[in-house]
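Report on the structure
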Protein chains: 2
Amino acid sequence: MADTLIADLCAVLGDDGVLTEPGDRAGYETDLLKTRTGRALAVLRPRSTGQVSAAVRLCAAAGVAVVPQGGNTGFCGGATPPPDGSAVVLSTERLTRIRHLDPLGGHMTVEAGVTLADARAEAERHGRLLALHHGGLSSRIGGNVATNAGGNNVLHYGMARGLVLGLEVVLADGRVWDGLRALAKDNAGTDLKQLFIGTEGTLGIVTAAVLKLHPLPQAVATALVAVPDPDAALAVLARLQREVGEAVSAAELIPRAGLDLHFARSGGRSGAREPFDRPHDWQVLVELASGSRFFDVAGALEAAVGAALEASEADDAVIAASEAQRAGLWALREGLAVAQVETPGNLKNDTSVPVAAIPAFIRDASVTSAAIVPGCVPIPFGHLGDGNIHFNLNPPPDGDPQAFTARWPELIAAIEDVATRLGGSIAAEHGLGRSKVAAARRLKPALDLELMRRLKHALDPDGVLNPGVML
Amino acid sequence: MADTLIADLCAVLGDDGVLTEPGDRAGYETDLLKTRTGRALAVLRPRSTGQVSAAVRLCAAAGVAVVPQGGNTGFCGGATPPPDGSAVVLSTERLTRIRHLDPLGGHMTVEAGVTLADARAEAERHGRLLALHHGGLSSRIGGNVATNAGGNNVLHYGMARGLVLGLEVVLADGRVWDGLRALAKDNAGTDLKQLFIGTEGTLGIVTAAVLKLHPLPQAVATALVAVPDPDAALAVLARLQREVGEAVSAAELIPRAGLDLHFARSGGRSGAREPFDRPHDWQVLVELASGSRFFDVAGALEAAVGAALEASEADDAVIAASEAQRAGLWALREGLAVAQVETPGNLKNDTSVPVAAIPAFIRDASVTSAAIVPGCVPIPFGHLGDGNIHFNLNPPPDGDPQAFTARWPELIAAIEDVATRLGGSIAAEHGLGRSKVAAARRLKPALDLELMRRLKHALDPDGVLNPGVML
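Everything numeric here is computed off the predicted structure, so don't read it as measured data. (Residues numbered from 1 in each chain as written. Chains lettered and ligands numbered in written order. Predicted model: local features only at pLDDT ≥ 70, side-chain atom pairs only at ≥ 80, totals over all residues. Heavy atoms only, no water.)

**Thoughts on empty space enclosed by the protein**
- Following the criterion strictly, the structure yields nine cavities of 30 Å³ or more and no others.
- Volume-wise, the largest cavity comes out at about 100 Å³.
- In terms of lining residues, the largest cavity is bounded by Thr 190, Asp 191, Gln 194, Leu 195 and Leu 455 of chain A together with Arg 161, Thr 190, Asp 191, Gln 194, Leu 195, Ile 197 and Thr 199 of chain B.
- Its residues assigned to classes, the lining of the largest cavity shows four nonpolar, five polar and three charged. (1 Å grid on protein atoms, 1.4 Å probe; cavity = no way out; pocket = protein on both sides within 12 Å on 5 of 7 lines; lining within 4 Å. Points joined across faces, edges and corners; volume = space filled by probe spheres on them. Nonpolar A, V, L, I, M, F, W, Y, C, P; charged D, E, K, R; others polar.)

Written as structure tokens, this is what we have:
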């Protein structure tokens, strides 16, 4: 049975379109965080939407599940096959055409396998901004759509969902749904593309997308502001928004513990040094951006930061006076994330809460974690402006990383409980994947789960697409 | 059977919550354009989400359909009951609480029956902007969500969908789905609220919404620019977007015929006079807005308009030097819409096309209409920036309005065909309602209709909610 399917798939995709050797498959069987490893019956590498369609049709007929995979840069196992070898992985890595770009209309049509970096570069060559931006530049557009990716620009431009004008999707029975429209306004019936955004390939496989483009920023101003606590960080953010309106494009919270970790691990590497005369417990990296040179973002930033210092909301501030200084400030933010990936035992979280609840969330999650593992080191950092603080934890300085890892499930559940109690989400921008299915079952209302199941049944009654993910 | 249901509904909603007299019902049985009139078994006026839930439960048990209705300001009969008296109208007009407003977090929670005007005023009292804005200020929030309303601010702030953070919805079986979350980022499972936005009450009844708030505009600049044709209008828009980026908040196309109609019907009323020294065939009303006083929108507008004049893209321009002058320019835009409502035989359309296709759309639709009714007068106006040109038509100057009205179906179909051929939509911001169901069946791909039906079946298998609308 499996042999017949493989032969049929080879006939459709070509021999190099079907990987069955363990060595060839290995890179597709675990994701970036490598917390789980599966086994694929085969890895399919179609070159066109037609080939995706034909492959899904064959798999559906054979009763073999299909796990769609883009850049495989996820954190939650959403593109990792189950361990029993019952499913094929369908990689979009050869769907890499940019089909169309209209600078005036402000949209581009790209296939699912185009990387985020390539799509952004192509837009920029045409004087336009693809506003989606996050650490995973080698992620692919299909995965960004399927996970409704977030990142650093959400405050100004929204999530991936807001940038998707149209989609082309292969359904669970192999039929192609053509929703590749470039319309800002379309209410002629149910907006079907919404079904496939953020549902992690469980309702359809995105093969191409029409993405909205924005004007390129013409003016940018960046500052690092030292504040006594997260409440003060919010006060500074509110002040900024009053002064500059929608131009606040980033507001990243950075804790002392994150900087210390970054400095300790980067040693004397250039740029990695204390930004202020004396260490501060908390800092906010704020950036203003505008698509117009008529917006004096530098003046606005100086005025707002000056007022925050005068009002004692801020203790100190550094405003970037050059692109190099700007890069240096962002290197602090990015360095503390990298330093955590390199720290044995570092626990990552991806909760969000309403913005006003951030101080309570950090306080309560810190107390709760310390009660479970005394001495563990919270590193709550990230997107202050949209409530998505990554409440990460390091083992106690003198503790054993493995012993700490053994307590992860307890810690994760406790942090998820705090976020839920404050009206938050257990998965802000990384999705549920396979890793958070149990947590979703535990914490989401029964009616939400029932509605999700009804949708799944309506669109994929035989469970062909990514079974075990999200539900 | 019907009597029992009415008695049960009265027990739940109170006697004044159930209107059965023809005189009391009449206002709920036709919408703003009055193109169709239905008959309701009764009009229900619940005061709370619990009452909506109980009423839907009773109706579902009795096999009686429910037509949700907000401000009843629609154009397509989406909230009009069928003529056979088989359905009740459920009006949200008494669900008028503003439950919560968080200026810092930038969101407000309002019940479905709050009018757009009241919601905007409440946000403004807290120094915030509810960015949804269109002619229907007496429309209600539930209807705005259910139709994914558009309007004048879409270019800058997007459709209603982009402003909805959370929803509370009564399902077809009467259960209440609580999705009242205020999170900018939430990917913990399917984003269920998307199902209820823009589906015109066919999948659930919106009873409350969490809406995103923006900073209030601090700086606004407005100009009317005379251009030789729609191609030049697009060139001016492109130039503006290059100069001022995302600050272009409106770009409304105004044709000569629209101004003539406005002047003829308003007579000598103040403000209604030719804006330029000599009449021009086309003009664009452009507005820039920013939430920051540090954005020199006036300077940007002057620079862009000056450059457009120099490049001969524009023939003339008036920049508003005061709020009174700004209001005068907008009165031209609003006046031509009102003048059409007052013109016997005026045919309204609500198509959209990709922005770059607007000139071709206007050209082709004009030729097509003239072939059907020689001498008819196209008045294509509206939202240049998002492709939503209302290609309206007046009868020939010497023609009989009733004879013209008899040709509407042919004209509507022809214009819908042109829009569809150019990759457009037959319903940009007014929805399908009952009026456009046949057109959707004719023009939408079969797979789209099938997926819409599958969703309807998944969420409302017995067809309780708004049957005959959208599908």
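**A look at the environment of Gly 23 of chain B**
- Summarising the element assignment, Gly 23 of chain B is placed in helix α2 (residues 22–25).
- When the C-alpha atoms of Gly 23 of chain B and Pro 215 of chain B are compared, they prove to be 44 Å apart, with 192 residues separating the residues in sequence. (Helix = DSSP H or I, 4+ residues; strand = E, 2+ residues; numbered from the N terminus.)

**Focus: helix α9 (residues 297–310) of chain A**
All names here are of chain A.
- Across its 14 residues, α9 extends 20 Å between first and last C-alpha, which sits within 8% of the 20 Å expected from 1.5 Å per residue.
- Of all the residues in α9, the buried ones are Val 297, Gly 299, Ala 300, Leu 301, Ala 304, Val 305 and Ala 308.
- Residues of α9 that are buried make contact with β12 (219–227), α7 (230–244), β14 (282–290) and β15 (316–319).
- One or two residues past the end of α9 sits Ser 312, with phi positive at roughly 60°. (Expected span 1.5 Å × (residues − 1). Buried < 20%, exposed > 50% of the residue type's maximum accessible area, 1.4 Å probe, protein only. Contact = heavy atoms within 4.5 Å.)

**With respect to the environment of Pro 83 of chain B**
- Relative to the helices and strands, Pro 83 of chain B resides in the loop between β3 (65–69) and β4 (87–91).
- Not counting the four nearest positions on each side in its chain, Pro 83 of chain B is found in contact with Thr 37, Gly 38 and Arg 39 of chain B.

**Section: the sheet that holds strand β9 (residues 176–179) of chain A**
Residue and element names in this part refer to chain A.
- Pairing in this open sheet of five strands is antiparallel, and the strands run β5-β6-β10-β8-β9 from one edge to the other. Each edge of the open sheet carries a strand with a single partner, namely β5 (98–102) and β9. When the angles between neighbouring strand axes are averaged without regard to direction, this sheet yields 15°.
- Across the face of the sheet, helix α3 (residues 49–62) comes into contact with β5, β8 (164–170), β9 and β10 (205–212) while running at roughly 45° to β8.
- Of the strands in this sheet, β5 and β6 (107–111) touch helix α4 (residues 116–125), which is tilted by about 35° from β5. (Pairing = 2+ DSSP bridges. Axes fitted to C-alpha atoms, helices over the stretch in contact; angles between N-to-C directions.)

**Topic: the side chain of Asn 392 of chain A**
Residue and element names in this part refer to chain A.
- Within the fold, Asn 392 resides in strand β17 (residues 388–394).
- Overall, Asn 392 belongs to the buried group, its relative accessible area being 4%.
- A polar atom in the side chain of Asn 392 sits 2.9 Å from the backbone nitrogen of Asn 349.
- Excluding anything up to four places from it in sequence, Asn 392 contacts Gln 340, Asn 346, Leu 347, Lys 348, Asn 349, Val 377, Pro 378, Ile 379, Pro 380 and Phe 381. (Polar contact = N/O pair within 3.5 Å; in protein donor to acceptor, adjacent residues only side chain to side chain.)

**Topic: the domain arrangement of chain A**
Residue and element names in this part refer to chain A.
- Split into domains, chain A comes out as domain 1 (98–215), domain 2 (219–341) and domain 3 (355–429).
- Contact residues are listed per partner, giving six residues for domain 1 and five residues for domain 3.
- A combined buried area of about 400 Å² lies between domain 1 and domain 3, and 50% of that area is made up of carbon and sulfur atoms.
- At the boundary of domain 1 with domain 3, the tally comes to one residue pair in polar contact (both at pLDDT 80 or more). (Domains from an automatic or database assignment. Buried area = accessible area lost by both parts, 1.4 Å probe.)

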